[in-house]
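Spelled out from the first residue to the last, the chains are:
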Amino acid sequence: MKSTMVLGDFLVAYLQKIGVTHLFGIPGDLVLRLFMRFGARRGLRVVTLSHEPGVGFAADGYARATGRIGVVCVTYGAGGHNMVNPVAGSFSERVPLLVLSGGPGDEERKLGTLIHHQAKEIESQLRIYRELTCSARLLDDTRTAAETVHDVVQTIWREQRPGYLEVHRDMVERRIPVPREIIEWDGALHFARSDESNVAEAVRETAARWNAARRPLVTVGIETYRYRLRRDLQALAEKMGAPVATTVLSKGAFPEDHPLFTGVLIGGISPPEILRRVDRADLVLNLGAMRTDMELGSRPPRDVRDRSIWAVDGRVHVSFHTYNDVQIRHFVRGLLHARLRRHRERVRYHDNLPRATGSVDGPLTVTALLHEVNSFLADHPRHLVVTESGDMLFAGLDVRVGRTGGYLAQGFYASMGFGVPGALGAQLGSGVRPLVLAGDGAFQMTGPEISHAPRYGIDPIVVVVNNGGWQIFRPVVSRPALLDLPAWPYAELARAWGGMGVRVETAAALRRALADAARCKTFVLIEACVDPDDHSPVTRKYIEASSRHGQRGRR
Ligand SMILES: Cc1ncc(C[n+]2csc(CCOP(=O)(O)OP(=O)(O)O)c2C)c(N)n1
Ligand SMILES: [Mg+2]
């Protein structure tokens with residue numbers, strides 16, 4: 001970095017300084033110069049896909065899998081607005097993204113005409129992004145541009161949420177001063193600080209409650225993953241010796257082959273053994289789980305508040321009082337150094353999967369598919385499982401991933417279309433081969449982005465569960481025909497796009513296809529055909545529970 005730089009070059013150098021390796025984008029005339037700067041020799045590795053939502057999900061997957069900021073570059077209006085849904089998902093699930101958008105230059109703005117790609121007002125896009133990011137700024141002043149970039153990026157990191165920078169096309173080649181502070185900075189970003197006294201007090205009280213408890217239980221939330229606490233958390237759990245559960249959104253944040261791991265909580269429809277254990281607990285220590293309907297199901301936290309300690313969003317709630325300015329990192333590390341009673345519970349893992357029944361040569365069921373995926377992962381643990389919204393989001397809770405693998409899903413925002421592009425971004429960033437479980441509906445949204453895999457030399461395995469439609473709703477609608485989808489030739493498409501494609505109708509065929517996939521050097525699409533009325537065990541429970549809610553509502 002130099003003391004004066006062209007703004008476009010400064011942005012490249014700045015992103016490299018913080019460790020960003022890839023930029024995900026689609027160009028347009030209002031962002032072309034900026035886009036080309038990023039793609040210049042010695043710039044960033046530019047990843048383009050076919051449609052902005054895919055680009056956004058890919059950047060999100062990159063950020064989730066690498067723990068770095070995912071960067072996207074889009075054109076103004078049509079591109080920026082196409083990016084809104086992925087960014088909303090990143091906002092609600094705490095994923096650090098930087099959205100860079102182009103825009104019309106000063107002269108054009110003064111013409112008094114509407115400018116192509118404009119929606120309502122020329123500032124509308126900035127206003128939309130203000131709503132969906134932790135910081136949204138316009139780089140319109142050369143004197144302060146470098147500081148503005150620094151400020152937005154630091155905020156993104158501190159809050160682990162997306163941020164937005166709009167760079168008008170006449171700004172890209174302007175020279176800007178770079179403050180010495182930024183030139184000399186080592187590029188390390190810092191998480192939010194805590195109030196040390198509050199941390200000490202919260203840890204002291206938590207330790208006292210823990211030491212008095214006889215049947216405590218720990219739940220691990222997504223914040224522990226975002227704030228990179230995996231190792232500390234494992235050490236803390238081992239020191240505590242109590243069962244550890246994750247939630248829908250944090251599945252994978254604690255190794256599922258760890259002897260203390262008991263399974264995934266999804267409120268009142270959790271595995272019955274886990275529910276009973278939660279009910280028997282005299283202390284539930286929640287580390288970083290957001291309070292959402294998806295995480296907690298039909299059991300809101302007030303039910304257990306008198307026997308719970310809840311650390312999330314920079315606060316620790318101990319039953320009915322709260323410590324402010326206590327970040328999860330400092331709380332977990334504080335507990336790690338506290339004097340804690342070690343429980344010696346023998347913990348068992350529980351899922352929702354009934355034993356596999358029926359012949360492996362009979363028609364494939366979702367339960368049999370999950371058994372096959374689990375036995376594949378037992379033999380090939382180093383895979384990143386990515387599940388799509390729809391039945392597979394619930395089905396995925398019964399997939400067991402070990403410490404050398406991983407798990408990603410948009411477990412709360414739950415946008416269809418995340419899976420395939422999210423997996424592409426994750427593999428580009430981490431190098432770990434993804435295994436995607438997607439419904440046919442979700443695949444029809446963004447699945448064709450898999451056609452880019454050969455260009456980037458990556459090889460995800462995508463299982464498309466073909467049940468002919470948006471069938472998760474089938475049990476609760478009066479006209480199931482409204483859920484129908486056209487029958488795409490999924491396996492043929494995969495072959496035409498340069499991958500391996502295979503269609504399976506039995507568990508035995510799925511087993512063979514997965515074994516072939518493990519040896520295959522290209523991406524693989526396995527079309528797994530299941531009956532439209534078949535659902536995963538968790539979806540079945542979910543549907544039953546929500547129909548009970550509906551009946552209560554009607555009375
Ligand atoms: C972008 C988006 N649009 C709509 C929905 C609502 N939705 C949730 S699941 C679902 C159907 C999923 O169908 P498919 O992917 O085929 O999975 P299936 O349930 O049939 O296994 C829909 C439409 C959503 N979650 N995201
Ligand atoms: Mg379907």
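Structure's up top.
Residues numbered from 1 in each chain as written. Chains lettered and ligands numbered in written order. Predicted model: local features only at pLDDT ≥ 70, side-chain atom pairs only at ≥ 80, totals over all residues. Heavy atoms only, no water.

**Details of the sheet that holds strand β17 (residues 406–409)**
One open sheet holds the 6 strands; their spatial order is β17-β16-β18-β19-β21-β20, and the pairing between them is parallel. Lying at the two open borders of the sheet, with one neighbouring strand each, are β17 and β20 (500–504). Shown here is a sheet whose adjacent strand axes are inclined to one another by a mean of 15°, direction ignored. Helix-sheet contacts for helix α16 (residues 366–379) involve β16 (384–387), β18 (434–439), β19 (461–466) and β21 (524–529), and the interaxial angle to β18 is about 175°. (Pairing = 2+ DSSP bridges. Helix = DSSP H or I, 4+ residues; strand = E, 2+ residues; numbered from the N terminus. Axes fitted to C-alpha atoms, helices over the stretch in contact; angles between N-to-C directions. Contact = heavy atoms within 4.5 Å.)

**Focus: the site of ligand 1**
Of all residues adjacent to ligand 1, which total 17 residues, the nearest are D440, G441, A442, G469 and Q471. In the environment of ligand 1, a nitrogen atom lies 2.9 Å from a nitrogen or oxygen atom belonging to the backbone of A414. Between ligand 1 and Q471, the relevant distance is 2.8 Å, taken from an oxygen atom to a main-chain nitrogen or oxygen of the residue. With respect to the pocket detection grid, ligand 1 is positioned in the second largest pocket. Ranked by the residues each element gives to the shell around ligand 1, the list is headed by helix α19 (residues 440–446), at 4 residues. Residues of the shell around ligand 1, tallied by class, amount to 7 nonpolar, 8 polar and 2 charged. (Near = heavy atom within 4 Å. Polar contact = N/O pair within 3.5 Å; in protein donor to acceptor, adjacent residues only side chain to side chain. 1 Å grid on protein atoms, 1.4 Å probe; cavity = no way out; pocket = protein on both sides within 12 Å on 5 of 7 lines; lining within 4 Å. Sits in = over half its atoms within 2 Å of the grid points. Nonpolar A, V, L, I, M, F, W, Y, C, P; charged D, E, K, R; others polar.)

**Description of helix α8 (residues 145–159)**
An α-helix turns once every 3.6 residues. As a result, residues three or four positions apart point the same way. With 15 residues, α8 should reach 21 Å at 1.5 Å per residue; the first-to-last C-alpha distance of 21 Å fits that figure. Considered for burial, the residues of α8 that qualify are A145, A146, T148, V149, H150, V152, V153, T155, I156 and W157. Packed against the buried residues of α8 are α1 (7–17), β5 (97–101), β6 (135–138), β7 (163–166), β8 (175–177) and α9 (180–184). Backbone geometry just after α8 places Q160 at a positive phi near 50°. (Expected span 1.5 Å × (residues − 1). Buried < 20%, exposed > 50% of the residue type's maximum accessible area, 1.4 Å probe, protein only.)

**Details of unusual backbone geometry**
The backbone of R94 shows a phi angle near 60°, a positive value even though the residue is not glycine. Of note, R94 is situated in the loop between α5 (84–92) and β5. Residue R94 is classed as buried on the basis of its relative accessible area, which comes to 6%. Here S319, not a glycine, exhibits a phi torsion of approximately 45°, which is positive. On the secondary structure map, S319 appears in the loop between β14 (315–318) and β15 (321–323).

**Quick look at the packing of aromatic side chains**
Centre-to-centre distance and the angle between the planes together describe a pair of aromatic rings. On inspection of all chains with the given rule, the structure shows 12 aromatic pairs. Note on Y129 and Y164: the rings are 4.4 Å apart at their centroids and 5° apart in plane angle, and the pair reads as stacked. With a gap of 35 residues between them, Y129 in helix α7 (residues 124–132) and Y164 in strand β7 connect regions that are remote in the sequence. Under the relative-accessibility criterion, Y129 is labelled buried at 0%. Take Y164: its relative accessible area is 0%, and that puts it in the buried class. Pairwise contacts between aromatic rings join F10, Y14 and W185 into one cluster. Seen from the ring of Y407, K251 lies directly overhead, with NZ or CZ sitting 4.8 Å from the centre. One residue, R400, lies across the ring of Y349, its end atom 3.7 Å from the ring centre. (Phe/Tyr/Trp six-rings, centres within 6.5 Å; stacked < 30°, edge-to-face > 60°. Lys NZ or Arg CZ within 6 Å of the ring centre and 35° of its normal.)

**A word on the layout of surface pockets**
Roughly 670 Å³ of volume is contained in the largest pocket. Elements represented by at least two residues in the lining of the largest pocket include exactly α3 (52–66), α11 (222–226), α12 (230–240) and β17. Split by residue class, the lining of the largest pocket holds 11 nonpolar, 10 polar and 9 charged. Lining of the second largest pocket is provided by 26 residues; of these, S389, G390, D391, I472 and F473 occupy positions nearest its centre. Looking at the lining of the second largest pocket, the elements with two or more residues in it are α17 (391–395), α19 and α23 (537–554). (Points joined across faces, edges and corners; volume = space filled by probe spheres on them.)

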